[in-house]
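# Summary of the model geometry
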Amino acid sequence: MPSPAREEDDTWTRIHALDPDSGREQWSFARDRELAVAGVRDGTVVAGGLEFFVPDSTHDIPEEPLTTVVYGIDATSGDVRWSREFTAVEAATTATGGLAVASASGVTALDMDGTERWSKSTGEARTVVPVGDGVVVAVEDGDRSTLRAFGPDGSERWQKRRAVEVFLADGDRLYALGEETVAFDADGTVAWAVDGHGQWPLLAPDGETLYARAGVGADAVDAFSVPEGGRRFRWTTPSNNGWPTGATDSFVVAEAITPETAEFTSLFAVDEQSGEPMAVYRPAERVLDVAGFADVAYAGTGGRLLAFERPG
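Just so it is clear, the structure is predicted and the values come from calculations on it, not from any experiment.

Here we take up the sheet that holds strand β15 (residues 156–162). Pairing within the open sheet is antiparallel, and its four strands lie in the order β12-β13-β14-β15. Both outer strands of the open sheet, β12 (125–131) and β15, are each paired with one neighbouring strand and no more. For this sheet, the mean angle separating the axes of adjacent strands, direction not counted, is 20°. As defined by bridge partners, strand β14 (residues 144–150) adjoins β15 across six bridges and the pair is classed as antiparallel. From the neighbouring strand, Ser145 faces β15, where its bridge partner is Arg162.

Structural data, given as structure tokens:
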């Protein structure tokens, strides 16, 4: 179970691999780059190492595009099997039996031994996600995105242009959110679409509900029925800023900025069928992350890990 961590001097990051049963460290991997795990496939951990850039002010940008080194790491030993350098990487994912990397120039598919399988010049690729046995690349296109789907051999299967900018893949289904929420099948067919701005998609563990941040003030949670589509409910958070942060099979945890009643944010348990709030937790520490498994929600707050069962 590899996870990235920042070194104390902020000039290196390190990936730690922990035994899932005991929690003991199996190996660690450090570089003077900003490391992130893209995925694990066939015994290989794929990680990206972004070149560090420390701005003098919040308005500073690099004079040249930053480089990213993609590493293929042995999942058992932590040894580096291969590495490749790319420029201006936007995203990477384990897919199509290997790895796909999206950059400012297009998308490149690699086998898990680091060998290039194919490369396509698409223009500035915002992201790449696995859908079915291929990948879908989202290319910058004004206030819209052009979605281009490629098969394992690099052949283009379909192309769509929609007002979307955020993506979540689930097997043979791609969810795209922006000025609308659209569900695509792997062949490019639009399974369903709902108008209204959405972002930060979150899928319930059982795959039956898709949640998204919504509302003019980004202060609501939308719930869509999966796979048939349609908005099941919209719950408006009791603050000017809220979003879905973790989901179980029976409720979603919505986080909202409430500094007057909590350290910074409060956590609300909302029923996944009715959209009714059932309970609220107001932590005295910052909420770091929330994740759901089956019918339990886990929250990391400060130095503690909390587990929440369905209220009532």
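Anyway, onward from the coordinates.
The next subject is unusual backbone geometry. With an omega of 10°, the peptide bond running from Val226 to Pro227 counts as cis. One non-glycine residue, Trp200, lies in the positive phi region at around 50°. Note that Trp200 resides in strand β20 (residues 198–203). A relative accessible area of 41% places Trp200 in the partly exposed class. For Ala218, which is not glycine, the phi torsion reads 50° and is therefore positive. Within the secondary structure, Ala218 is located in the loop between β21 (209–214) and β22 (220–225). Residue Ala218 is classed as buried on the basis of its relative accessible area of 16%.

We now examine the pattern of salt bridges. A complete count under the given rule lists 14 salt bridges for this structure. With a shortest N-O distance of 2.9 Å, Arg162 and Glu180 are connected by a salt bridge. Within this pair, whereas Arg162 is found in strand β15, its partner Glu180 is found in strand β18 (residues 180–185), the two being separated by 18 residues in sequence. Residue classification places Glu180 among the buried residues on the basis of a relative accessible area of 11%. Across the pair Arg310 and Asp271 runs a salt bridge, and its minimum N-O distance is 2.8 Å. Of this pair, Arg310 sits in the segment after β30 (304–309) while Asp271 sits in strand β26 (residues 265–271), and the two are 39 residues apart along the sequence. Residue classification places Arg310 among the partly exposed residues on the basis of a relative accessible area of 34%.

Here we come to the pairing of strand β13 (residues 134–141). Most of β13 sits out of view: six of its eight residues are buried. As judged from the six bridges shared by β12 and β13, these two strands associate in the antiparallel manner. When the sheet's bridge partners are listed, Val128 is paired in β13 with Val137. Strand direction decides the pairing type here: β13 and β14, joined by seven bridges, are antiparallel.

Tracing the backbone shows Glu140 in strand β13. Beyond its immediate stretch of four places on either side in the chain, Glu140 contacts Glu124 and Arg126. Within the local environment of Glu140, its side chain forms a polar contact with the side chain of Arg126, the two groups lying 2.8 Å apart.

Relative to the helices and strands, Thr108 is located in strand β10 (residues 106–110). The class for Thr108 is buried, based on a relative accessible area of 10%. There is a polar contact of 3.3 Å between the side chain of Thr108 and the side chain of Ser119. Not counting chain neighbours up to four residues away, the residues in contact with Thr108 comprise Phe86, Leu99, Ala100, Val101, Glu116, Trp118 and Ser119.

About the criteria used
- In every chain, residue numbers begin from 1 and rise along the written sequence.
- Under the rules for a predicted model, residues below a pLDDT of 70 receive no local features and side-chain atom pairs below 80 are neither given nor counted, while totals for whole chains, interfaces and linings still include all residues.
- Excluded from the side-chain calculation are hydrogens and water; included are all heavy atoms of the structure.
- Two strands form a pair only when DSSP identifies at least two bridges running between them.
- Secondary structure follows DSSP: runs of H or I at least 4 residues long count as helices, runs of E at least 2 residues long count as strands, and numbering of each begins at the N terminus.
- Convention adopted: a line fitted to C-alpha atoms gives each axis, helices being fitted over their contacting stretch, and angles between N-to-C directions are expressed from 0 to 180 degrees.
- Throughout, exposure labels follow a simple rule: accessible area from a 1.4 Å probe, protein chains only, divided by the maximum for the residue type, with under 20% read as buried, over 50% as exposed, and the rest as partly exposed.
- Throughout this description, the term salt bridge denotes a Lys or Arg side-chain nitrogen within 4 Å of a carboxyl oxygen of Asp or Glu.
- Residue contacts are counted whenever heavy atoms from the two residues lie within 4.5 Å of one another.
- What qualifies as a polar contact is a pair of N or O atoms within 3.5 Å, subject to a donor-acceptor requirement within protein and to the restriction that residues adjacent in sequence count only when both atoms come from side chains.

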